[in-house]
Amino acid sequence: MSFYRKYRPQVFDEIDNSAVRERLLSLLSKDKTELPHAFLFTGPKGAGKTTAARLIAKLFNCTKPLKNGAPCGKCNACTAIADGRYLDVLELDAASNRGIDEIRTLREGIGLVPTSGTYKIYIIDEVHMLTTEAFNALLKTLEEPPPHAAFVLATTDPQKIPATIKSRCVHINFGRAQTEELLHGLARVVKEEKIDIADDALAFVASFADGAFRDAMKLLEQVSFEKGKLTKEKVQKLLAASEEKTIIAFFDALAAKDAKTGLDIVAQLVATGRDIRSFITECLVESEHRLVAAVTGKEKSQMTIDDLKDFIGKLTQAYGDLRISPIPQLPLELAVVEFCKISAISNKPPAAPSPTLTGLLTMEKLTEHWKDFIEAMKPYNNSIAGVLRSSRPKGVDGGIVTIEAFYSFHQEKLSEMKTRELIAQVLKKLFGEKVKVEVVLGKK
Ligand SMILES: [Zn+2]
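Sequence positions are assigned chain by chain, starting from 1 and proceeding in written order. In view of the model being predicted, local features appear only for residues whose pLDDT reaches at least 70, and side-chain atom pairs are presented and counted only at 80 or more, with totals across whole chains, interfaces and linings using the full set of residues. Side-chain metrics in this entry use all non-hydrogen atoms of the structure; hydrogen atoms and water are not considered.

Draft legend 1. Spotlight on the pattern of salt bridges. The rule for a salt bridge is simple: a side-chain nitrogen of Lys or Arg has to be within 4 Å of a carboxyl oxygen of Asp or Glu. Counted under the stated rule, the structure contains 16 salt bridges. Across the pair Glu91 and Arg54 runs a salt bridge whose closest N-O atoms are separated by 2.8 Å. Taken together, the residues Glu91 in strand E2 (residues 89–93) and Arg54 in helix H3 (residues 49–61) connect sequence positions 37 residues apart. Exposure remark for Glu91: the relative accessible area of 39% places this residue in the partly exposed category. Shared partners join several salt bridges into a network, and the residues in it are Glu14, Asp16 and Arg188. What counts as a helix is a DSSP run of H or I of at least four residues, what counts as a strand is a run of E of at least two, and both are numbered from the N terminus. Only protein chains enter the calculation, and the probe is 1.4 Å; a residue is then buried if its accessible area is under 20% of its type maximum, exposed if over 50%, and partly exposed in between.

So this is what it looks like as structure tokens:
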């Protein structure tokens, strides 16, 4: 388990962001019936919004609260909530299908009394992605919530939340964490994991994380694999080297028009929790440097001036698209694919087939490229890729791709709304066609 998940604050006192901690602690004196029933958590990714949302769920449902009213973090309800297996805490992701099905399910189920606890808690992540229609449905629910329900809406983009929704919520802003707050969190991990690291080295890790707890934890995890005492110099070298190496490898791949390696590097960035926005910025800096060097003839560039210009255009586009993309790495991936494809086509005679698989998706094509499709799924979700490996395509008809699974738990896994959306997205990326995905159970 990653440090970030393993060391998520489980009780109010462990929240490292002091402003948030104070706001939440001020709720403890209230009787449960007086607690606000809707919260809006705003702030960047990795700031601890989901963690705090689960703490709110514990506050409502803890069966053995402490003297000051704080959830204990130990009772059955608290531990089930921490593990994400508490039936009355429903975590919905508004980014999938823009929340239409999610809000419908919410509206259908909200009237029912809680199964295990006293309160049903709805945590809606990326709530700004909801459609107007879904927002309206949510607003109706917020206006007349049943007494047994409470809501935590979380967003990275508060500007997009309608004022009517905002006015019904208690707003808590997570902001970027102060370096001291990050240090406070990191120190907890260092102690538990017995990591031998100098104080100034730890401070460097905190400053490198740019205000996000998740990034700070991931960086610490990355350097913790080194043997011996971690000095500041060592940590600086490790983190700088990994940054520089990645950029150079990325440009090497692009110069060779090797889209696969380019995409693998992006997948690694995602897996290690790197901020895609800052990576694109670094790539732009590097491109500018290479462009100037190529024009002035100071350095021989691997890429032609035209290629560099083209790539800078695509990176700038990707940077702008980040804001509206539900999948943060997607604009960068598109930039890689398009850059490599365009160059590849211009290098071939015009009659040659395009090396990407665009065009109408047929059963034949899908069967032929089933392995490529599974490969393409891996960076997004390795476990789904695994399930797909033991499934097979069954039909492509009228924009519907039917997949045949051979175990009912595979069928269930693949049939989840989120999973089908993801499969459709990867298929679109690979074959250029928007499809719907159905999953059936077949006999072996
Ligand atoms: Zn408890």
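Draft legend 2. Focus on the coordination of the zinc ion. Around the zinc ion, the protein contributes the donor atoms Cys62 (SG), Cys72 (SG), Cys75 (SG) and Cys78 (SG), at 2.3 Å from the metal centre. Taken together, the four donor atoms coordinating the zinc ion span angles of 105 to 117 degrees at the metal, a pattern that classifies the geometry as tetrahedral. Here the coordinating atoms are restricted to nitrogen, oxygen and sulfur within 2.8 Å of the metal centre, or 3.2 Å for Na, K and Ca, and because water is not among them the sites may look incomplete. Of note, the zinc ion draws all its donor residues from one chain, in the sequence arrangement C-x9-C-x2-C-x2-C. On the basis of relative accessible area, Cys72 is assigned to the buried category, the value being 14%. By the criteria applied here, four donors are tetrahedral when all angles lie between 85 and 135 degrees, four are square planar and six octahedral when opposite donors are over 155 degrees apart and every other angle lies between 65 and 115, and any other arrangement is irregular.

Draft legend 3. Expanded view of the sheet that holds strand E8 (residues 436–441). DSSP bridges decide pairing: two strands pair if at least two such bridges lie between them. Taking strand neighbours across the sheet as the criterion, the three strands line up as E6-E7-E8 in an open arrangement whose pairing is mixed. Taken across any chain shown, the strands that pair with only one partner, and hence form the sheet edges, are strand E6 (392–397) and E8. Averaged over all adjacent pairs, the angle separating strand axes in this sheet is 25 degrees, with direction ignored. Pairing of strand E7 (residues 400–405) with E8, which is carried by six bridges, proceeds in the parallel orientation. Its bridge partner lying in E8, Ile403 is registered against Val439. Whenever a helix is involved, its axis is fitted only over the stretch in contact; in every case the axis is a line through C-alpha atoms, and angles between N-to-C directions fall within 0 to 180 degrees.

Draft legend 4. Representation of the state of the cysteines in the model. For this text, the term disulfide refers to a pair of cysteine sulfurs within 2.5 Å. Inspection of the entire model under this criterion finds zero disulfides. Residue Cys340 stays outside any disulfide, its sulfur separated by 13 Å from that of Cys283, the closest cysteine. For Cys340, a relative accessible area of 4% corresponds to the buried category.

Draft legend 5. View of the sheet that holds strand E1 (residues 38–42). Across the sheet, which stays open at both edges, the five strands sit in the order E2-E3-E4-E1-E5 with parallel pairing between neighbours. Here the strands that pair on one side only, and so sit at the sheet edges, are E2 and strand E5 (170–173). If you compare each strand with its neighbour and ignore which way they point, the axes differ by 15 degrees on average. In terms of strand pairing, strand E3 (residues 120–125) meets strand E4 (residues 149–155) through five bridges, oriented parallel. Bridging across to E4, Ile121 finds its partner in Ala150. The strands touched by H3 are E1, E2, E3 and E4; relative to E1, the strand with the most contacts, the crossing angle is about 160 degrees. In what follows, a contact means two residues having at least one pair of non-hydrogen atoms within 4.5 Å.

Draft legend 6. Representation of the nonpolar core. Leu24, Phe41, Ile56, Phe60, Ile121 and Val152 are the most contacted members of the largest nonpolar core, which totals 35 residues. Put simply, the parts of the chain that give this core at least two residues each are helix H2 (18–25), E1, H3, helix H4 (76–82), E3 and E4. Per-element tally for this core: the top contributor is H3, with seven residues. Excluding residues that lie within four positions of it along the chain, Ile56 makes contacts with Leu24, Leu27, Phe39, Phe41 and Val152. Only buried residues count toward a nonpolar core, which is a set of Ala, Val, Leu, Ile, Met, Phe, Trp, Tyr and Cys residues joined through side-chain atoms within 4.5 Å.

Draft legend 7. Quick look at the environment of Phe409. Within the secondary structure, Phe409 sits in helix H19 (residues 408–415). Taking the C-alpha atoms as reference points, Phe409 and Leu441, 32 residues apart in sequence, are found 9.7 Å from one another.

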